Amino acid sequence: MNWIDRDKESIWHPFTQLVNGFDHIMIEKAEGLYLYTPEGRKIMDAISSWWVNLHGHSHPKIAEAVFQQASKLEHVIFAGFTHEPAIILAEKLLSILPENQSKIFYSDNGSTANEVALKMAFQFWYNKGEKSRTKVIAFEGAYHGDTFGAMSVGDRGPFSAPFSPFLFDVEFLPTPTQENEAELIIQFEQLIKDKEVAAFIFEPLVLGSAGMKMYAPELLDKLLQLAKENEVICIADEVFTGFGRTGKNFASDYLTTQPDIFCLSKGLTGGTMALGVTSCTARIMEAYKSTDIMKTFFHGHSFTANPIACAASIASFDLLMKEETQMQIRNISDWQKAFQERINNHPKVLNSRVMGTIFALELKTDEDTSYVNEVRHQLYPFFLERDILLRPLGNVIYILPPYIIKKEEIERIYQAVEEMLIQLNIGRH
Ligand SMILES: *Cc1c(COP(=O)(O)O)cnc(C)c1O
């Protein structure tokens, strides 16, 4: 049997239908911007492998850090013990997170970072004896991960439908748009004034999985101010927006009022391996400082603060802080803006948007904009045939390259998008 057949026999892939089993593409190695198949095909990774990769694949500095760490201390229990990579990484993260952040809690991925944040917020009120603070507010269309808590605060759509009886109650605010800001603020005020809301969780400025939907920092600032006045804990899920994606280190750097809790993952290790971080303020932590064992935060994973993952993160962090990387983030932002101007008035483009290094384009189709929009089945192969990996969210095409991409390389993506706009028959009939 060849590799592809063996894959079909033995593996269940994520977010993948099990019928009409198409062949998964075998990848043998990856370097910089490109993925290589055993046959020598070279595919440009224009979505940073699900938004995780920052500095290109198999980066030598990260590879070296992983090798060195694996040869010295691969793992150790993180209760009762600690290690250098965890301490150095925590200090580095705190040095660029907003000043109000004071402690780092490690976990395994983006979903667990959000689970930790929610539990931290719920138990904060429990420890303080305010038992009526049990509600949570989130945005419709939000994505916070695939575990139960994260699913509960995420969009109630096709992905969560089979589990809806098992998800806890959440107060949903409409996805922010330019039109609904005033209404949204009133609704938020109504919800929080009864002092029953424990936390407000959100993807700051960009709702990624919802189709790169962007909203104004002024709106989020307003909501955060109201939340602060009513003591509601604000959780910024920066799993996707963190580490330069929006043009600044964190999307929250565009805000004046800072969230209480941050969730990080994806780009944290430079996209090399899984690691999650939840940071919090001194105020949150204070509620846990007690001799009463019942006030302990009883949460942990076997691989909490895995030294190899921490070492990869430190190497990635140092690369991110380099002036040449920061310059590249500005360059990519400029290129994306210029491309937006180039195609924004195209008759097949409903809307296009840019926030830092993130570009998104919404196609006009007969169906509504959504992840299950059928046009996706035309778009994905169109780009792959041109050896470009773009993975549209329904009728939304987004370009999210690693920061090492060169101008002529991103131009190749732009030309493919323009070619697609000419060739595909997707306009309203
Ligand atoms: C991807 C993502 C998550 C989930 O992260 P995983 O590592 O896939 O569990 C959570 N929140 C946001 C905003 C994300 O984009």
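All values reported here derive from a predicted model rather than from experimental measurement.

## A look at the site of the ligand
Lining the immediate environment of the ligand, one finds 13 residues, of which Gly 110, Ser 111, His 144, Asp 237 and Lys 266 sit closest. In the model, an oxygen atom of the ligand is placed 3.4 Å from a nitrogen or oxygen of the Asn 109 side chain. For the ligand, whose accessible area on its own is 380 Å², the fraction buried by protein is 83%. Residue contributions to the shell around the ligand peak at three residues, all from helix H5 (residues 110-127). Across the shell around the ligand, the residue classes break down as four nonpolar, six polar and three charged.

## Thoughts on the nonpolar core
Counting 98 residues, the largest nonpolar core has Leu 93, Tyr 106, Phe 139, Phe 200, Phe 383, Leu 390 and Met 420 as its most contacted members. By residue number, the principal contributor to this core is helix H13 (residues 407-423), which donates seven residues. Apart from residues no more than four positions distant in its own chain, Met 420 is found in contact with Leu 363, Leu 379, Phe 382, Phe 383 and Ile 397. Counting 26 residues, the second-largest nonpolar core is a separate cluster that includes Ala 117, Phe 124, Val 153 and Tyr 288.

## Structural notes on the pattern of salt bridges
In this structure the tally under the stated criterion is 15 salt bridges. Of the charged contacts in the structure, one is a salt bridge between Asp 318 and Lys 92, with a shortest N-O distance of 2.8 Å. Taken together, the residues Asp 318 in helix H10 (residues 307-321) and Lys 92 in helix H4 (residues 84-96) connect sequence positions 226 residues apart. Residue classification places Asp 318 among the partly exposed positions, given a relative accessible area of 37%. Residues Glu 418 and Arg 342 are paired through a salt bridge, measuring 2.9 Å at the closest nitrogen-oxygen approach. Taken together, the residues span a long stretch of sequence, with Glu 418 in helix H13 and Arg 342 in helix H11 (residues 323-343) at a distance of 76 residues. According to the relative accessible area criterion, Glu 418 is partly exposed, its value standing at 24%. For Arg 342, a relative accessible area of 39% puts it in the partly exposed group. Through salt bridges with shared partners, a single ionic network connects Lys 135, Glu 171 and Glu 196.

## Some thoughts on unusual backbone geometry
A positive phi angle is found at Phe 15, which is not glycine, with a value near 50 degrees. Assignment of secondary structure puts Phe 15 in the loop between helix H1 (3-10) and strand E1 (29-31). At Phe 243, a position not held by glycine, the phi torsion is positive, near 60 degrees. Examined against the element boundaries, Phe 243 turns out to sit in the loop between strand E10 (233-237) and strand E11 (261-264).

## Section: the sheet that holds strand E13 (residues 349-355)
Picture the strands of a sheet paired through backbone hydrogen bonds; they go either parallel or antiparallel. The antiparallel open sheet is built from three strands, whose spatial order is E13-E14-E16. A strand with exactly one partner marks an edge of an open sheet, and here the two such strands are E13 and strand E16 (396-399). Ignoring which end each strand starts from, the neighbouring axes of this sheet average 15 degrees apart. Direction of pairing for E13 relative to strand E14 (residues 358-363): antiparallel, over a ladder of six bridges.

Thresholds applied
- Residues numbered from 1 in each chain as written.
- Predicted model: local features only at pLDDT ≥ 70, side-chain atom pairs only at ≥ 80, totals over all residues.
- Heavy atoms only, no water.
- Near = heavy atom within 4 Å.
- Polar contact = N/O pair within 3.5 Å; in protein donor to acceptor, adjacent residues only side chain to side chain.
- Areas by Shrake-Rupley, 256 points an atom, 1.4 Å probe, with all protein chains shown as cover.
- Helix = DSSP H or I, 4+ residues; strand = E, 2+ residues; numbered from the N terminus.
- Nonpolar A, V, L, I, M, F, W, Y, C, P; charged D, E, K, R; others polar.
- Core = buried A, V, L, I, M, F, W, Y, C linked by side-chain atoms within 4.5 Å.
- Buried < 20%, exposed > 50% of the residue type's maximum accessible area, 1.4 Å probe, protein only.
- Contact = heavy atoms within 4.5 Å.
- Salt bridge = Lys/Arg side-chain N within 4 Å of Asp/Glu carboxyl O.
- Pairing = 2+ DSSP bridges.
- Axes fitted to C-alpha atoms, helices over the stretch in contact; angles between N-to-C directions.

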